[in-house]
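An overview of the molecular structure
For reference, the chains in residue letters:
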Amino acid sequence: MTALSTQLIHHPYNPPATFEAVQPGVFKASTVFFPNVHALRTQEWKDKSGYTYGLHGTPTTFTLEERIATLEGGRFCVLAPSGLSALSLVDMAFLAAGDEVLLPDNAYGPGKAFAEGDLARWGITHRFYDPMNPADLAAQITPATRLVWLEAPGSITLEFADLPALVAVIRTANAGRQRPIVSALDNTWGAGVAFNAFELGVDVSMQALTKYPSGGADVLMGSVVTRDPALHEALLLCHMRLGLGVSANDTELVLRGLPTVALRYAAQDTATRALASWMQDQPGVAAVLHPALPGSPGHAAWARDASAAACLFSVVFDARFSQAQIDAFCDSLRRFKLGWSWAGPISLCAPYNVRSIRTRPWPHLGCLVRFAIGLEAVDDLQADLQAALDALNAA
Ligand SMILES: *Cc1c(COP(=O)(O)O)cnc(C)c1O
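Residues numbered from 1 in each chain as written. Predicted model: local features only at pLDDT ≥ 70, side-chain atom pairs only at ≥ 80, totals over all residues. Heavy atoms only, no water.

1. So, the packing of helix H4 (residues 83-94) against helix H8 (residues 229-242)
Between H4 and H8, the least distance of the axes is 9 Å, while the angle of their chain directions is 110°. Relative to H8, the element H4 is oriented roughly perpendicular. Between H4 and H8, the residues in contact are Leu89, Val90, Met92, Ala93 and Phe94 and Leu231, Ala234, Leu235, Cys238, His239 and Leu242, respectively. (Axes fitted to C-alpha atoms, helices over the stretch in contact; angles between N-to-C directions. Helix = DSSP H or I, 4+ residues; strand = E, 2+ residues; numbered from the N terminus. Parallel < 35°, antiparallel > 145°, perpendicular 65-115°, else oblique. Contact = heavy atoms within 4.5 Å.)

2. Considerations on the environment of Ser155
Checked against the element boundaries, Ser155 lands in the loop between strand E4 (145-151) and helix H7 (163-174). Ser155 sits 63 residues away from Met92 along the chain, and the two C-alpha atoms are 22 Å apart. At 2.8 Å, the side chain of Ser155 forms a polar contact with the side chain of Glu151. (Polar contact = N/O pair within 3.5 Å; in protein donor to acceptor, adjacent residues only side chain to side chain.)

3. Digging into the domain arrangement of the protein
Domain annotation of the protein identifies domain 1 (55-260) and domain 2 (261-394). The straight-line distance from the C-alpha centre of domain 1 to that of domain 2 is 25 Å. Taken together, the contacts link 39 residues of domain 1 with 37 residues of domain 2. Together domain 1 and domain 2 conceal approximately 3000 Å² of surface at their shared face, both sides included; 61% is due to carbon and sulfur atoms. Of all residues in domain 1, Ile156, Trp189 and Tyr212 bury the most surface against domain 2, accounting for 26% of the area lost on that side. (Domains from an automatic or database assignment. Buried area = accessible area lost by both parts, 1.4 Å probe.)

4. Some thoughts on the site of the ligand
Near the ligand lie 14 residues; those nearest to it are Gly83, Leu84, Asp186, Thr210 and Lys211. Within the backbone of Leu84, a nitrogen or oxygen atom sits 2.8 Å from an oxygen atom of the ligand. When the ligand sits alone it has 380 Å² of accessible area, and the protein chains cover 88% of it. Residue assignment for the shell around the ligand shows that the elements contributing at least two residues are H4 and strand E6 (204-208). (Near = heavy atom within 4 Å. Areas by Shrake-Rupley, 256 points an atom, 1.4 Å probe, with all protein chains shown as cover.)

5. Some points on helix H10 (residues 261-280)
The first and last C-alpha atoms of H10 sit 28 Å apart over 20 residues, in line with the 28 Å expected at 1.5 Å per residue. Those residues of H10 that fall on the buried side of the exposure criterion are Val261, Arg264, Tyr265, Gln268, Asp269, Ala271, Thr272, Leu275, Ala276, Trp278 and Met279. Packing partners of the buried residues in H10 comprise helix H3 (59-72), helix H9 (248-257), strand E8 (285-289), strand E9 (312-317), strand E12 (368-372) and helix H13 (378-394). (Expected span 1.5 Å × (residues − 1). Buried < 20%, exposed > 50% of the residue type's maximum accessible area, 1.4 Å probe, protein only.)

6. Overview of the pairing of E6
By the criterion of burial, E6 is predominantly enclosed, with five of the five residues buried. Where strand E5 (residues 182-186) and E6 come together, three bridges link them in parallel fashion. Across the sheet, residue Leu185 finds its bridge partner in E6, namely Ser205. (Pairing = 2+ DSSP bridges.)

7. Focus on the packing of H10 against H13
H13 packs onto H10 with a crossing angle of 25° between their chain directions and a minimal axis gap of 10 Å. Classified by the angle their axes make, H10 and H13 are roughly parallel. Both H10 and H13 take part in a crossing whose hand is right-handed. From H10, Ala271, Ala274, Leu275, Trp278 and Met279 reach across to H13, where they touch Val378, Leu381, Gln382, Leu385, Gln386 and Leu389. Its residues placed into classes, the contact of H10 with H13 shows nine nonpolar, two polar and no charged. (Left-handed = near helix turned anticlockwise from the far one by under 90°. Nonpolar A, V, L, I, M, F, W, Y, C, P; charged D, E, K, R; others polar.)

8. A few points about the nonpolar core
By size, the foremost hydrophobic cluster in this structure holds 81 residues, and its most contacted members are Trp189, Phe195, Met279, Phe317, Phe329 and Phe371. Tallying contributions element by element places H10 first for this core, with seven residues. When residues of this core are assigned to domains, at least three fall in each of domain 1 (55-260) and domain 2 (261-394). Residue contacts for Phe317: discarding those within four places in its chain leaves Gly284, Val285, Ala286, Ile326, Phe329, Gly366, Cys367, Val369, Leu389 and Leu392. Among the nonpolar cores identified, the runner-up in size contains 29 residues, and Ala93, Ile124, Trp149 and Leu236 belong to it. (Core = buried A, V, L, I, M, F, W, Y, C linked by side-chain atoms within 4.5 Å.)

As structure tokens, this is what we get:
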């Protein structure tokens with residue numbers, strides 16, 4: 001008589017094979033079974049023709065990879081456990097000792113920290129270029145340049161770079177090079193919805209699925225998408241060697257968010273533009289930064305290259321307000337919570353000290369607060385901002 005535990009583990013029942021439902025099933029595994037030793041020796045996972053081990057893909061992760069590749073207009077996708085790990089994967093896949101990576105001055109801060117803290121330790125140098133000046137990028141490229149990061153718009157200050165012009169600079173520099181410079185876009189803001197990164201000419205598009213594709217503010221994940229098989233292979237092999245995996249439950253959450261990503265993007269875009277334009281006219285506000293607002297840096301490039309805008313705007317307050325007054329303004333908001341990240345259901349805000357995170361001069365004197373608009377009604381958010389502004393201006 002076989003022991004109960006063995007009977008339960010090797011149970012003969014299999015459910016009927018076809019089960020069709022709206023959302024795909026969730027598969028979890030470290031071990032996956034091979035039908036025989038020949039299959040164990042030869043099964044291929046890199047082209048998704050089979051399964052070999054949980055880290056190398058499951059039906060759940062393959063499904064999300066294919067959908068994210070479609071969302072971004074690319075061909076291949078790898079998933080990483082956070083947006084930041086997707087970003088550092090790109091650095092590690094393409095850079096070696098002696099190489100240099102160029103970053104836009106307004107890049108996502110933790111990506112800068114990875115260059116400063118780890119790439120530097122590994123003999124990989126980095127420099128910052130002015131993303132609003134393609135000639136500055138051209139001037140910074142040297143024979144050591146191997147990777148150029150792009151971001152449109154920049155984190156916090158939301159300048160929308162002329163991506164085709166920056167890509168053109170990289171292509172010119174690549175003429176006759178043995179190891180061409182790879183261009184990589186942090187596409188978290190566009191999310192694959194606002195514009196097609198590959199049609200604008202970039203080689204690699206990375207995004208934090210944590211933001212729009214999830215939409216719930218309850219999952220961390222990142223993706224790296226390419227159209228080029230050789231770039232994808234370099235990413236995939238580095239990803240495998242690093243042992244980067246994503247959980248099936250987290251993957252399910254992102255798969256759950258994807259059917260509504262375009263609707264959420266559009267709804268949050270409309271609400272954000274309404275509040276950003278309203279903020280522009282309020283006393284005590286020196287400038288509102290949002291690429292869809294005429295006069296915001298890079299507005300013309302945004303209008304040419306994008307069809308929508310994400311849920312972020314930044315407000316530069318009048319220079320007469322101290323940081324303590326702006327902190328009190330943020331503390332007095334009720335609907336807006338204080339916290340990082342964005343594209344979830346709840347509106348957020350956070351003050352930033354721009355001068356401390358930039359190498360180039362910043363034209364504004366006042367304090368900056370970045371707002372991320374959630375899915376609440378615009379009127380309720382506006383009333384909250386109005387009350388906080390009234391208190392600020394009365395102070
Ligand atoms: C949030 C974010 C990331 C990192 O995503 P995590 O999942 O939080 O690691 C990277 N780039 C940009 C522009 C982001 O907004």
